[in-house]
Amino acid sequence: SRTGQILSDATGFERISPTRKNGGAHIVTARRGRFGSGQLQEMFLHYDRPKIRVRAVFAQHDTSAKDLIVITTGSWTTIEHIMGLREEDYYKRIGAYYYNKGLDVVAFDHGSNGHIEALMNLAAIIEGGQILGVWARSICDLIDHYGLREKYERVVLYGLSRGGRV
């Protein structure tokens, strides 16, 4: 669509490398461990252009969940807050809440600090994109890499505050 092309051009979505047709981000698993009735996997999505990495966690039940919620961080919060691994903040441990309701959860550490995000955006702009393009691409790349659209009956994207922009 015309609107989709305008957004892609504005954010540099298709100029991020590796490109989607070349498999998207290089995804590296950093750690795995038990989480509730399943596993928590921490991973980093590496991009060559702009030179940046995005952190995410994937909480999966040992039994198959039917639904997945993808959560993007807002201002001054982290994956640890979202997943209930740190003190409660305005996100109210939403990832842990939905995990305990039976959903699998993917949570991203997108720019929760406006100052750091501004510096990251400057680096992305110099290389022909925008940080919001990287955030959106990281979600698409992780979903595609693990075949999550096909695995779940429903995939829901949730973002509050800064996370709602993605």
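Structural data are supplied above this passage.
Residues numbered from 1 in each chain as written. Predicted model: local features only at pLDDT ≥ 70, side-chain atom pairs only at ≥ 80, totals over all residues. Heavy atoms only, no water.

Draft legend 1. Region of interest: the environment of T11. Secondary-structure assignment places T11 in helix α1 (residues 2-11). Classification of T11 by relative accessible area gives buried; the value is 17%. Taking the C-alpha atoms as reference points, T11 and V134, separated by 123 residues in sequence, lie 8.0 Å from one another. T11 has contacts with G129, Q130 and G133, leaving out every residue within four places of it along the chain. (Helix = DSSP H or I, 4+ residues; strand = E, 2+ residues; numbered from the N terminus. Buried < 20%, exposed > 50% of the residue type's maximum accessible area, 1.4 Å probe, protein only. Contact = heavy atoms within 4.5 Å.)

Draft legend 2. Spotlight on the sheet that holds strand β3 (residues 52-61). Reading across the sheet, the six strands line up as β1-β2-β3-β5-β4-β6 and stay open at both edges, with mixed pairing between neighbours. Of all strands in the sheet, those bounded by a partner on one side alone are β1 (26-35) and β6 (154-159). The mean inter-strand angle of the sheet, taken between neighbouring strand axes irrespective of direction, is 20°. Two elements, strand β4 (residues 67-72) and β6, share six bridges in a ladder whose sense is parallel. Bridged to V70 within β6 is L157. Sitting on the sheet, helix α5 (residues 131-145) touches β1, β2 (38-47), β3, β4, β5 (104-109) and β6, and the angle it makes with β2 is about 130°. (Pairing = 2+ DSSP bridges. Axes fitted to C-alpha atoms, helices over the stretch in contact; angles between N-to-C directions.)

Draft legend 3. Structural detail: the side chain of H61. Tracing the chain through its elements places H61 in strand β3. At 2.9 Å, the side chain of H61 and the backbone oxygen of Y99 are in polar contact. Residues contacting H61, with those up to four places away along its chain left out, are S37, G38, Y99, G102, L103 and D104. (Polar contact = N/O pair within 3.5 Å; in protein donor to acceptor, adjacent residues only side chain to side chain.)

Draft legend 4. Layout of unusual backbone geometry. Residue P18 is reached from S17 by a cis peptide bond, and omega for that bond is 5°. Mapped onto the elements, P18 comes out in the loop between α1 and β1. Of note, the amide linkage connecting R49 to P50 takes the cis form, showing an omega dihedral of -5°. As for its position among the elements, P50 is in the loop between β2 and β3. At R93, a position not held by glycine, the phi torsion is positive, near 55°.

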